[in-house]
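# Examining the three-dimensional arrangement
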Amino acid sequence: IPREELVLLDEVYVREDGSYRIHSARRSGQVVAIQVYTGNLPKERCLRAARFYRNLAHPFIPFLSGISSNILVFNEVFDGTLVHVLQQALHQGEKEGLALGTQTVMSFSSALDYLQGLDFPLASIEADRFVPMVSNRKIVISFDMDEVELRQNFGLNTEDALRTFHALCQLTFDAARKVHYEILTPDDPTESDHEPLGSLPSDSDRLHPDERRAVPPLAARRLSASSSSSMLNTSLQEPSIVSNELSIVQSRQEVVWKPSSDKSLQEISHDYKALLKEVSSSLDYAVPRRQDLSPAKSGHRCPGYNRIEIRLAPDTRRSEIISHATPTLDEICVDTF
């Protein structure tokens, strides 16, 4: 693809180590997603990734439409990272969180089952090197090819695939859950410490109004890998203090993944596809609800405290929605200050 055909729009994701970043862009009047490789040997790394992506055809893996020097071009319109979109869904309400959580499990299990069938070396890549994105209301998984060891005759390893799947679900849901304890301040869009794109034009301010509307609103929200990584790799933190006021939301929803059972990825994908259909079409909840009646584990109570735990498990029959009226040991409340 000629480089001059790509017009840079918004930055959607930045890898923590600066090895690549993802933008929305315009090509021939259409919005696409591009992955720009930077740092060491960007063209070689881009070509290596392209050789792999071009052999993939799965609805939950980005579809590669071309390459331009150190840039991969995908036929996708990224709305934002899955963690960010899931945070928004949980703030909207319980049913929205349940629906997107169910869709996440279905998409992850289906995509990883597909990669396992291609002998993809899942053991050579950590779960936090996958980057789940939302594209046109579907979840797609991109990944960092720099760490993948491509060899011949790997052989199927279902344990590696399941281990990666469980870890990816837990990392994603934990990151969205911990937003209750952190206030994410968007980066200043006027500042950038990344390498320029060279001859790649950036004229989003001069787009036709119809083309501006084609850019998804969440794509303009920058969520760097350092932000998501800090949420994935740290324990629950104290609530942030802004303007000398403690910011706490006492009522919230969260999705929790409980890895158990001996179900295969194919079985999990099949079951969660059916559950997603039920969740999306039913006015009633598709999973049972209960109140947590266990004794309080913390030494205090918070008046009005209410935490809704959407607990998902590989066996959908063990999934449930639990209402908690007392805080956990990890939580710090206003009256403790």
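Located above this text is the structure these notes cover.
Here goes a summary of the coordinates provided.

Calculation rules
- Residues numbered from 1 in each chain as written.
- Predicted model: local features only at pLDDT ≥ 70, side-chain atom pairs only at ≥ 80, totals over all residues.
- Heavy atoms only, no water.
- Pairing = 2+ DSSP bridges.
- Helix = DSSP H or I, 4+ residues; strand = E, 2+ residues; numbered from the N terminus.
- Axes fitted to C-alpha atoms, helices over the stretch in contact; angles between N-to-C directions.
- Contact = heavy atoms within 4.5 Å.
- Buried < 20%, exposed > 50% of the residue type's maximum accessible area, 1.4 Å probe, protein only.
- Expected span 1.5 Å × (residues − 1).
- Arc of directions from axis to C-beta.
- Core = buried A, V, L, I, M, F, W, Y, C linked by side-chain atoms within 4.5 Å.
- Domains from an automatic or database assignment.
- Salt bridge = Lys/Arg side-chain N within 4 Å of Asp/Glu carboxyl O.
- Lys, Arg positive; Asp, Glu negative; His and termini not counted.
- Polar contact = N/O pair within 3.5 Å; in protein donor to acceptor, adjacent residues only side chain to side chain.

### What to know about the sheet that holds strand β6 (residues 78-81)
The strand order across the open sheet formed by 3 strands is β6-β7-β8, and the pairing between neighbours is antiparallel. The strands lining the two open edges of the sheet, one partner per strand, are β6 and β8 (138-143). With strand direction ignored, the average angle separating the axes of adjacent strands in the sheet is 35°. With 3 bridges connecting them, β6 and strand β7 (residues 130-135) associate as antiparallel partners. The partner of T81 across the bridge, within β7, is M133. Docked against the sheet, helix α3 (residues 94-117) engages β7 and β8, running at close to 45° with respect to β8.

### Concerning unusual backbone geometry
A positive phi is found at L41, a non-glycine position, where the angle reads about 45°. Phi is positive for N136, which is not a glycine, with a value near 50°. For N136, the location among the structural elements is in the loop between β7 and β8. A relative accessible area of 53% means that N136 is categorised as exposed.

### So, helix α7 (residues 265-281)
Helix length check: α7 (17 residues) gives 24 Å between terminal C-alpha atoms against 24 Å at 1.5 Å per residue, within 8%. By the burial criterion, the buried members of α7 are L265, I268, S269, Y272, L275, L276 and V279. What you see down the axis of α7 is that its buried residues fit within an arc of 135°, all on one side. For α7, the exposed residues set more than 90 degrees away from the buried face come down to Q266, H270, K273, K277 and S281.

### A look at the nonpolar core
Membership of the largest hydrophobic core comes to 64 residues, with the highest contact counts inside it found for Y53, L72, V105, F143, F165 and L312. If you tally residues by element for this core, the top one is α3, at 8 residues. Residue-level mapping places this core at the junction of two domains, with at least three residues from each of domain 1 (3-76) and domain 2 (80-143 + 156-183 + 249-324). Setting aside residues no more than four positions away along its own chain, L312 makes contact with L98, G101, T102, V105, F173, V255, V256, W257, K258, Y272 and S319. One finds L6, A25, V36 and V73 within the second-largest nonpolar core, a separate group that totals 8 residues.

### Overview of the pattern of salt bridges
By the definition in use, this model includes 10 salt bridges. A salt bridge links E5 to R27; its shortest N-O distance comes to 3.2 Å. With a gap of 22 residues between them, E5 in the segment before β1 (6-14) and R27 in strand β2 (residues 20-27) connect regions that are remote in the sequence. A relative accessible area of 31% places E5 in the partly exposed class. Salt-bridge contacts for R311 lead to E309; the nearest nitrogen and oxygen are separated by 2.8 Å. Taking the relative accessible area as the measure of exposure, E309 reaches 6% and is therefore buried. What emerges from the salt-bridge pattern is a single network uniting R290, E309, R311 and E320.

### Description of the side chain of D79
Mapped onto the secondary structure, D79 falls in strand β6. This buried residue, D79, is left without a salt bridge; R137 holds the nearest opposite charge, at 7.2 Å. At 3.3 Å, the side chain of D79 forms a polar contact with the backbone nitrogen of N136.

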